[in-house]
Amino acid sequence: MEHYIEEYERWLKNADAETVRELEAIRGDEDEIKDRFYRQLEFGTAGLRGVLGAGTNRMNDYVVGQATQGLANQLIKTNGADAELSVVIAYDSRHKSDTFSRLAAQILAANGIKTYLFDELKPVPELSFSVGYLKTTAGIAVTASHNPAKYNGYKVYGADGAQLNPELASIVLEEIDKTDLFTGVKKMDFDEAVKKGLIVMIGEEVEEAYLDEVQKQCVNPELAKAKGNTLKFVYTPFHGAGNKPVRKILKRIGFDNVVVVKEQEMPDGDFPTVESPNPENKEGFTLAIGYAKDCGADLIIGTDPDSDRVGILVKNDKGEYVNFTGNQVGALLTEYILSSLKEKNAVPKDGYVVKTIVTTNIIKAIAAAYGIEMKEVLTGFKFIGEKIKESEETGVGTYLFGFEESYGYLKGTYARDKDAVVATMLIAEMALYYQENGTSIFEQMDNIYKKYGYYKEQVESVTLEGIEGLAKIKTIMDGLRANPPAVVAGKKVIAVRDYQTSVRTDKVTGETSEILLPKSNVIYLELEDDNNFIIRPSGTEPKIKLYCLLKGNTPEEAADLMEKVKVDIKNIVK
């Protein structure tokens, strides 16, 4: 009998009645059984993420329970049995997020670990802040970020407030593998755990402390206070956790003229008004555009369900609402923050900005113009968090701003994850600043391109699901390692960086050098004329991602390069 059939039968014998009914409904459907049971849902450095449902390859009480027991074991193993351990848990608006968070609290309590549980949905960055504020040993955020409604997830944070590092994640994974999800998970009654002080409910006090820190990141607070009510813009929380904290911080600093999309205001795990609650996609902003037209707003801001990512639409010179990419918003914010510091003669000599390797290289040019360093890290905001921690521990370097192309930004060191609350505040403030100077965000983007060059970026994702998909992704990456292309978009490949082997190979001289970043399954092709092309499997979804980081002397030249790259991509992933 195949392993997945054995596991299916084991669940039928041991699971609760509701789960058994769900599994009985797929009896005889071997493909569905195989997809649910051919593997365990992978626990990586970002934790778990998967489709809701019964099975080892799904998000459900048993898988979440096993992961939480694994985390409890890791905390005890790493810190010692006598250590005073604690965890803070937050959750978003997704289906079962509140259930999973309560379950995790009960399991941690049964293991003698004190748990702080938010009394309502909260943003991921607030969770990251809370780890440091409450001085807990770890944190959990129950969320699947911007994925479609059928998904949920479980992110684990370390004592520094950043997502768990690979070393600790590997220990959690070892402990998960040792834990039987039916018999190996301890659990305490919720009310009993509250009475014993092992579960503590938290709310407004922590949120207010978080918002105090966000407010400190204002670049021009006097301007916002004096003129904030002159900026009219539309905000949508996409049925998620951003609604309350975003509106609170905007009101605090002086933005009273915010129009909220009522149909997307309240939490709803079905996300009924959008195909996907992803602020990267213009589709989700259809309702918001209607609001903007009605009220005459030039700016629309949207935060995803766990409020760590933010997307914007701005009115262009033709009166149309166009969406800006994460790279563009990051470039705008970097220029705004640094130029404002320069106006006040306050650019720190040891200041630096951070970006991931797949993020626009215009940041290198902007940082150089203001005489500060640009640091580059692997994909994943935890690596930006590591740079902040490094500066705090060594006393060397002043962190100014960090971001990644996937719509995540952080100013300030109060958190170790991307924060759509602070980013929304800064975007509104930036829009006001340019409005007061007789221009707009749209015009400022063009000014940046004229100043630094026409950088154009695009991410192409190819979804490859199931067992066959995993094999296909491996074949593609193995093929690129063995035989990388010599030319992409008509530009010669001048160097190949293989982050898995930590080797950069100069294709002109043949010389090799060490890459001083952690190992990762990434191939980075350096092309002529400051063009770059990067390939990596997604860490959270069944996709291979291809990042095009291009530069032209004109917008037309950059666009032409992008079209050429798209043709080459078809050959790479065929």
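No experiment lies behind these values; they were computed from the predicted model shown.

Peer 1: An account of the pairing of strand β23 (residues 543-552) is needed here, citing residue identities and associated values.
Peer 2: The buried count for β23 comes to eight of 10 residues, which makes it a mostly enclosed element. Here strand β16 (residues 454-463) pairs with β23 via 10 bridges, running antiparallel. Bridge pairing links Tyr454 to Gly552 in β23. Across six bridges, strand β22 (residues 531-537) lies against β23 in antiparallel orientation. Looking at β23, one finds that Ile534 is bridged to Tyr547.

Peer 1: An account of the pattern of salt bridges is needed here, citing residue identities and associated values.
Peer 2: With the rule as written, the count across this model stands at 48 salt bridges. Put simply, Glu376 and Arg497 hold a salt bridge, and the shortest N to O gap is 3.8 Å. Linking Glu376 in strand β13 (residues 373-377) with Arg497 in strand β18 (residues 491-498), this pair joins segments that are 121 residues apart in sequence. For Glu376, a relative accessible area of 22% puts it in the partly exposed group. Of the charged contacts in the structure, one is a salt bridge between Arg497 and Glu526, with a shortest N-O distance of 2.7 Å. Of this pair, Arg497 sits in strand β18 while Glu526 sits in strand β21 (residues 523-527), and the two are 29 residues apart along the sequence. For the residue pair Arg497 and Glu526, the accessibility class agrees, reading buried in each case.

Peer 1: Give a description of a negative patch on the surface that names residues and reports values.
Peer 2: Taken together, the side chains of Glu2, Asp29, Glu30, Asp31 and Glu468 present a region of like negative charge at the surface. Mapped onto the fold, Glu30 is located in helix α3 (residues 30-37).

Peer 1: Please set out the side chain of Ser339 residue by residue, giving values where relevant.
Peer 2: By the element assignment, Ser339 lies in helix α13 (residues 326-343). The buried category is assigned to Ser339, whose relative accessible area is 16%. At 2.8 Å, the side chain of Ser339 and the backbone oxygen of Glu335 are in polar contact. Within the structure, Ser339 has its side chain in polar contact with the backbone oxygen of Tyr336 (distance 3.2 Å).

Peer 1: Go over the sheet that holds strand β7 (residues 233-236) with me, naming the residues and quoting the values.
Peer 2: The pairing of strands in a sheet happens through backbone hydrogen bonds and is either parallel or antiparallel. One open sheet holds the five strands; their spatial order is β8-β7-β9-β10-β11, and the pairing between them is mixed. If you trace the sheet from one side to the other, it starts and ends with β8 (258-260) and β11 (321-324), each paired once. Shown here is a sheet whose adjacent strand axes are inclined to one another by a mean of 25 degrees, direction ignored. With four bridges connecting them, β7 and strand β9 (residues 299-303) associate as parallel partners.

Peer 1: So what's going on with unusual backbone geometry? Which residues, and what values?
Peer 2: A negative phi angle characterises most non-glycine residues, just as the trans form characterises most peptide bonds. Of note in the backbone geometry, His239 takes a positive phi value of approximately 65 degrees without being a glycine. Along the chain, the position of His239 falls in the loop between β7 and α11 (243-253). Even without glycine at this site, Ser502 takes up a positive phi of about 60 degrees. With respect to the secondary-structure elements, Ser502 resides in the loop between β18 and β19 (503-506). In this structure Ser502 comes out as buried when scored by relative accessible area, which is 10%.

Peer 1: Describe the side chain of Asn243, listing the residues and the values that go with them.
Peer 2: Within the element layout of this structure, Asn243 appears in helix α11. At 3.0 Å, the side chain of Asn243 forms a polar contact with the side chain of Arg247. In this structure, Asn243 is in contact with Tyr235, Pro237, Val260 and Glu265, ignoring residues within four places of it in sequence.

Peer 1: Could you give an account of the packing of helix α1 (residues 3-14) against α3, with specific residues and numbers?
Peer 2: One way to put it is that α1 packs onto α3 with a least axis distance of 9 Å and a crossing angle of 85 degrees. Considering their axes alone, α1 and α3 lie roughly perpendicular with respect to each other. Along its contact with α1, which presents His3, Tyr4, Ile5, Glu7, Tyr8 and Trp11, the element α3 presents Glu30, Ile33, Lys34 and Phe37. Of the residues contributing to the contact of α1 with α3, the split by class is six nonpolar, one polar and three charged.

Peer 1: Describe in detail the packing of aromatic side chains, supporting the description with residues and values.
Peer 2: When we look at a pair of aromatic rings, we describe it by the centre distance and by the angle of the planes. Under the criterion given, the structure shown has 18 aromatic pairs. A ring pair is formed by Trp11 and Phe182, whose centres lie 5.4 Å apart and whose planes are at 75 degrees; its orientation type is edge-to-face. Note that Trp11 is positioned in helix α1 and Phe182 in the loop between α7 (166-178) and α8 (190-195), a separation of 171 residues in sequence. Note on Phe182: relative accessible area 18%, which makes it buried. Taken together, Tyr8, Trp11, Phe37, Tyr62 and Phe182 form an aromatic cluster joined through their ring pairs. The ring of Phe190 carries the charged tip of Arg102 above its face, separated from the ring centre by 3.7 Å. Directly above the ring of Tyr524 sits Arg497, whose terminal nitrogen or CZ lies 3.8 Å from the centroid.

Parameters at a glance
- Residues numbered from 1 in each chain as written.
- Predicted model: local features only at pLDDT ≥ 70, side-chain atom pairs only at ≥ 80, totals over all residues.
- Heavy atoms only, no water.
- Buried < 20%, exposed > 50% of the residue type's maximum accessible area, 1.4 Å probe, protein only.
- Helix = DSSP H or I, 4+ residues; strand = E, 2+ residues; numbered from the N terminus.
- Pairing = 2+ DSSP bridges.
- Salt bridge = Lys/Arg side-chain N within 4 Å of Asp/Glu carboxyl O.
- Patch = residues over 30% accessible without salt bridge, like charges linked within 9 Å, V, L, I, M, F, W, Y side chains within 5 Å.
- Areas by Shrake-Rupley, 256 points an atom, 1.4 Å probe, with all protein chains shown as cover.
- Lys, Arg positive; Asp, Glu negative; His and termini not counted.
- Charge placed at Lys NZ, Arg CZ, Asp CG, Glu CD.
- Polar contact = N/O pair within 3.5 Å; in protein donor to acceptor, adjacent residues only side chain to side chain.
- Axes fitted to C-alpha atoms, helices over the stretch in contact; angles between N-to-C directions.
- Contact = heavy atoms within 4.5 Å.
- Parallel < 35°, antiparallel > 145°, perpendicular 65-115°, else oblique.
- Nonpolar A, V, L, I, M, F, W, Y, C, P; charged D, E, K, R; others polar.
- Phe/Tyr/Trp six-rings, centres within 6.5 Å; stacked < 30°, edge-to-face > 60°.
- Lys NZ or Arg CZ within 6 Å of the ring centre and 35° of its normal.

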